[in-house]
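Here's the letter readout for the chains.
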Amino acid sequence: MSLSTQPYKGARDFYPEDKRLQKYLFSTMRRVVERFGYEEYDAPILESLDLYKAKSGEEIVNEQTYAFTDRGGREVVIRPEMTPSVSRMVAGRRQELGYPLRWYSIPNLWRYERPQRGRLREHWQLNVDVFGIDNLNAEHELIVLADAIIREYGAKRTMYTIQLNSRKLMDYIMNDYLDLDSVQSHTLSKLIDRINKMERPAFVAACDALFTPTQRDNGASQKLLEILAVKSVSDLPQVIQDTPAAIEIRDLLQLLDASGVTNAEFDITIMRGFDYYTGIVFEMMDTDPENNRAMFGGGRYDGLVGLFGVEPVPTVGFGWGDVTLANFLETHDLLPKLTSETEVYAILIGDVYNEAQRLLATLRSEGVTIAVDSSGRKLASQLKNAVKKDIRFALFIGEDELKSGQFNLKDLRSGEELKLSAERVVSTVLDGRRQ
Ligand code: HAM
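Bear in mind the structure is a predicted one, so any value in this text is a computation, not a measurement.

1. Concerning the overall build of the protein
The secondary structure content of the protein amounts to 17 helices and 17 strands. The principal-axis extent of the C-alpha atoms belonging to the protein is close to 95 × 55 × 50 Å. Across the 435 residues in the protein, those meeting the buried criterion constitute 49%. Restricting to contacts in the protein with at least 6 residues of sequence separation, those with at least 24 account for 70%. Surface summary for the protein: the accessible area is close to 21,700 Å², and the carbon and sulfur share equals 49%.

Written as structure tokens, this is what we have:
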């Protein structure tokens, strides 16, 4: 049996053209988050299993982690998310760091999921977190920042929505309004999290099964379904609208609206899978129904840093996956045509490899990226190779050219061919970067 050339299930190889796209996605993210004053950090891909047992949702630890025992008998996991690692790092230097702390990272994460559209086993995720702000300005900043990222890719606000909810609001609804105990509340939140993946009758039946006969007699199911159907905070029963949690959502929506983020809305079904969120939670959705998975998700989690035995730090953050983002950009035709990082393909006319070295070195020292076709093949196949590699310019180098110091430079994008000195080759190629 021959060896497979396929990568591991749910993971991707990145051929140069794929890597080019990834670099475009990440450099855009980096540019925007740095514009907001965020600093990049990183952490190891392996963490101790204890970290995840303590801090993530149950589903992710029990069903989705790649966990194993290392040669020294330690139980470790390949990180399925970055939030516990970044909390560990902040806790480790709790006293020394200057707050508010604005940090970002683009780690690769592993989750044992069933691969499907928008879901893989390995994905990269932009994590942006702000530590040390205990008011809505943090949520506001992060959502405005996420909005700025997607707009940097050329998206219009009609192409996506930002949905908000609040753990505090849901806690109030479950504990006080519906009078559920903690087990019922936990089951219900997991159920609401899956509301869009379930058939309606199955969802209603599952809700019904959750209540005690007395709760059912008191109309709990009806009350719950009515609440889950609301589209804005002002549709909620008055007693819920008057809670600090509901007021907070309203205030945040107003703040966002004033910043021009007009496509944010309240969505009571946004639960978020992790148990660590403590306040506002949010997600971004593509308005195209073909991409029905959240592009990013996040929220406030004020308790994680404190779990390391240091004083807690109020924190808000989000994670934004590369897979759903690429699907979004593709669906809305926002992917640019990306050319190779190599700008020039040197095509040798005859056996001038040695003689061409000085010119090549000069061009490289001026910052031009240049690959030389040293295969000795026919000119036509060398040229074809440049096109196949998505290289912008072909530079023809032969004995005559080296003697006269004039070289033909062909722009493979426009088809234009010019005879230029080495100096002009440099300026033309460098100018080409701006077009
Ligand atoms: P999450 O909702 O699990 O949150 O993931 C955030 C985003 O990562 C998702 O909206 C999706 O774009 C992407 N994503 C997640 N799993 C996969 C997958 N299997 N394949 C492809 N993309 C995926 C978190 O991970 C939180 N730790 C985010 C956070 C940071 N909260 C606060 N700070």
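2. Some words on the nonpolar core
Among the nonpolar cores identified, the biggest contains 77 residues, and Leu126, Leu188, Phe318 and Trp320 are the most heavily contacted of them. For this core, the leading source of residues is helix α5 (residues 137-152), giving eight residues. Apart from residues lying up to four places away in sequence, Trp320 is in contact with Met29, Trp124, Gln125, Leu126, Ala146, Ile149, Ile150, Met284, Met295, Phe296 and Leu325.

3. Notes on a nonpolar patch on the surface
Taken together, Ile45, Leu46 and Phe68 make up a surface patch of nonpolar side chains, about 230 Å² in accessible area. Within the secondary structure layout, Ile45 lies in the loop between β1 (39-40) and β2 (46-48). With a relative accessible area of 32%, Ile45 lands in the partly exposed category.

4. A word on the sheet that holds β2
Spatially, the three strands line up as an open sheet ordered β2-β4-β3, and their pairing is antiparallel. The open sheet has two edge strands, β2 and β3 (66-69), and neither has a second partner. Put simply, the sheet's adjacent strands are angled 35° from each other on average, direction ignored.

5. Structural notes on the side chain of Asp129
On the secondary structure map, Asp129 appears in strand β7 (residues 122-131). Buried and unpaired, Asp129 has no salt bridge, with Arg272 as the nearest side chain of opposite charge at 9.5 Å. Polar contacts involving the side chain of Asp129 include one to the side chain of Tyr301, which spans 2.6 Å. Not counting the four nearest positions on each side in its chain, Asp129 is found in contact with Tyr38, Tyr41, Val86, Leu101, Arg102, Trp103, Tyr301, Val316, Gly317 and Phe318.

6. A closer look at the site of the ligand
Around the ligand there are 27 residues in total, and Glu81, Thr83, Glu113, Tyr277 and Met295 lie nearest to it. Separating a nitrogen atom of the ligand from a side-chain N or O atom of Glu81 is a distance of 2.6 Å. One of the side-chain nitrogen or oxygen atoms of Gln125 is found 2.9 Å away from an oxygen atom of the ligand. Surface burial for the ligand is 97%, taken as the share of its 660 Å² of free accessible area covered by protein chains. Among the elements of the structure, β7, β11 (296-300), β12 (315-321) and α13 (322-331) are those that each provide at least two residues to the shell around the ligand. Residue classes in the shell around the ligand are distributed as 10 nonpolar, 11 polar and six charged.

7. Some words on helix α4 (residues 83-92)
Extensive coverage of α4 is indicated by the burial of seven of its 10 residues. Buried within α4 are the following residues: Thr83, Pro84, Ser85, Val86, Ser87, Val90 and Ala91.

8. Some points on the packing of aromatic side chains
The geometry of an aromatic ring pair comes down to the distance between the two centres and the angle between the two planes. Tallied over the entire structure, the rule returns 17 aromatic pairs. With a centroid separation of 5.9 Å and 65° between ring planes, the pair formed by Tyr24 and Tyr153 is classed as edge-to-face. Taken together, the positions of Tyr24 in helix α1 (residues 16-35) and Tyr153 in the loop between α5 and β8 (160-166) put the pair 129 residues apart, joining distant regions of the chain. Like Tyr24, the residue Tyr153 is buried in the burial classification. Ring-pair connections join several aromatic residues into one group, and the members of that group are Tyr8, Tyr66, Trp110 and Tyr112. The positively charged end of Lys19 is found above the aromatic ring belonging to Phe14, 5.5 Å away from the centroid.

The rules we used
Residues numbered from 1 in each chain as written. Predicted model: local features only at pLDDT ≥ 70, side-chain atom pairs only at ≥ 80, totals over all residues. Heavy atoms only, no water. Helix = DSSP H or I, 4+ residues; strand = E, 2+ residues; numbered from the N terminus. Buried < 20%, exposed > 50% of the residue type's maximum accessible area, 1.4 Å probe, protein only. Contact = heavy atoms within 4.5 Å. Areas by Shrake-Rupley, 256 points an atom, 1.4 Å probe, with all protein chains shown as cover. Core = buried A, V, L, I, M, F, W, Y, C linked by side-chain atoms within 4.5 Å. Patch = residues over 30% accessible without salt bridge, like charges linked within 9 Å, V, L, I, M, F, W, Y side chains within 5 Å. Salt bridge = Lys/Arg side-chain N within 4 Å of Asp/Glu carboxyl O. Pairing = 2+ DSSP bridges. Axes fitted to C-alpha atoms, helices over the stretch in contact; angles between N-to-C directions. Lys, Arg positive; Asp, Glu negative; His and termini not counted. Polar contact = N/O pair within 3.5 Å; in protein donor to acceptor, adjacent residues only side chain to side chain. Near = heavy atom within 4 Å. Nonpolar A, V, L, I, M, F, W, Y, C, P; charged D, E, K, R; others polar. Phe/Tyr/Trp six-rings, centres within 6.5 Å; stacked < 30°, edge-to-face > 60°. Lys NZ or Arg CZ within 6 Å of the ring centre and 35° of its normal.

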